[in-house]
Amino acid sequence: MGSWTKKSLGDVFETITGSTPPKSNKEFYGTFMPFIKPPELTNGAIRHSVDGLSQLGAEQARILPRESVLVSCIGLLGKLGMNKVPAACNQQINAIKPNYDAAHPKYVFYYCLSNSFRDQLHLLASGTTVPIVNKGKFNSIRIPLPSLPEQEGIVAILDEAFAAIATATA
């Protein structure tokens with residue numbers, strides 16, 4: 001890890017807190033774009049969601065580019081997903097938009113699965129009944145960043161390991 005740097009999320013990535021278009025306007029909801037909520041964060045890829053937005057609703061929401069890492073920051077902290085299509089999410093989720101110059105999106109995703117990331121997230125939580133991590137605190141989480149080729153190597157190893165686990169489980 002000698003050549004690795006450690007940076008805060010906010011120094012390297014743009015993060016977005018989701019938002020919910022008013023439910024009173026039924027025209028905002030439809031099948032144009034997935035609208036992701038915490039129950040759909042299952043530590044894997046997301047291509048669809050139970051609820052969706054119409055094109056009009058998408059104009060009201062904060063759109064996440066594909067390969068954003070989505071993290072639940074209210075309630076069940078640290079539930080995780082990565083959208084494989086453009087999507088929107090609700091305000092219980094903070095998203096880490098990809099920065100291809102600094103990090104492989106799957107490297108960021110895998111790091112967010114780590115105990116190191118989750119420990120930082122839980123230490124930042126406020127609230128006793130319902131834990132919450134606001135965007136400012138979320139942006140202070142530190143992430144180790146090796147070179148892009150090293151990140152690609154790490155991703156390849158972890159992809160292989162998770163595929164083997166999935167095969168063994170099946």
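Residues numbered from 1 in each chain as written. Predicted model: local features only at pLDDT ≥ 70, side-chain atom pairs only at ≥ 80, totals over all residues. Heavy atoms only, no water.

A.B. asks: How should the packing of helix α3 (residues 105-112) against helix α6 (residues 148-169) be read in this particular structure?
C.D. replies: Relative orientation and spacing of two packed helices are given, respectively, by the angle between their axes and the distance between those axes. In contact at an axis separation of 9 Å, α3 and α6 are set at 60 degrees when each is read in the N-to-C sense. Between α3 and α6, the crossing angle belongs to the class labelled oblique. Regarding α3 and α6, the two cross each other, and that crossing is left-handed. Residues K106, Y107 and Y110 of α3 form the contact with α6, whose participating residues are Q151, I154, V155, L158, D159 and F162. (Axes fitted to C-alpha atoms, helices over the stretch in contact; angles between N-to-C directions. Helix = DSSP H or I, 4+ residues; strand = E, 2+ residues; numbered from the N terminus. Parallel < 35°, antiparallel > 145°, perpendicular 65-115°, else oblique. Left-handed = near helix turned anticlockwise from the far one by under 90°. Contact = heavy atoms within 4.5 Å.)

A.B. asks: For this particular structure, what's the right way to read empty space enclosed by the protein?
C.D. replies: One water molecule sets the probe size; rolling that probe over the atoms shows where empty space is left. For the coordinates displayed, the defined rule picks out one cavity of 30 Å³ or more. Taken as a whole, the largest cavity spans an internal volume of roughly 40 Å³. Taken together, F13, E67, V69, I96, K97, P98, N99, A103, P105 and V108 make up the lining of the largest cavity. Its residues placed into classes, the lining of the largest cavity shows seven nonpolar, one polar and two charged. (1 Å grid on protein atoms, 1.4 Å probe; cavity = no way out; pocket = protein on both sides within 12 Å on 5 of 7 lines; lining within 4 Å. Points joined across faces, edges and corners; volume = space filled by probe spheres on them. Nonpolar A, V, L, I, M, F, W, Y, C, P; charged D, E, K, R; others polar.)

A.B. asks: How do you make sense of helix α4 (residues 115-124) when you look at a structure like this?
C.D. replies: Residues that lie three or four places apart on an α-helix share one face, since the helix turns once every 3.6 residues. Among all positions in α4, only F117, Q120 and L121 are buried. Within α4, the buried residues cover an arc of 100 degrees as seen down the axis, which keeps them to one side. Of the exposed residues in α4, those oriented more than 90 degrees away from the buried face are N115 and L123. Contact partners of the buried residues in α4: α1 (9-12), β6 (69-72), α3, α5 (135-138) and β10 (142-145). (Buried < 20%, exposed > 50% of the residue type's maximum accessible area, 1.4 Å probe, protein only. Arc of directions from axis to C-beta.)

A.B. asks: Is there a simple way to think about the packing of aromatic side chains in this case?
C.D. replies: The geometry of two aromatic rings is summed up by the distance between their centres and the angle between their planes. Evaluation of the coordinates by the stated rule reveals five aromatic pairs. Ring geometry for Y111 and F117: centres 6.1 Å apart, planes at 80 degrees, overall edge-to-face. Given a relative accessible area of 10%, Y111 falls into the buried group. Residue classification places F117 among the buried residues on the basis of a relative accessible area of 1%. In textbook terms, an aromatic cluster arises when at least three aromatic residues are bridged by ring pairs, as seen for F109, Y110 and F162. (Phe/Tyr/Trp six-rings, centres within 6.5 Å; stacked < 30°, edge-to-face > 60°.)

A.B. asks: What should I look at first to understand the pattern of salt bridges in this one?
C.D. replies: Opposite charge on two side chains makes pairing possible when the charged atoms of those side chains draw close. Tallied over the full model, the rule gives four salt bridges. Put simply, E14 and K97 hold a salt bridge, and the shortest N to O gap is 3.2 Å. In this pair, E14 is assigned in the loop between α1 and β2 (15-17) and K97 in the loop between β9 (93-96) and α3, connecting sequence segments 83 residues apart. The partly exposed category is assigned to E14, whose relative accessible area is 46%. (Salt bridge = Lys/Arg side-chain N within 4 Å of Asp/Glu carboxyl O.)

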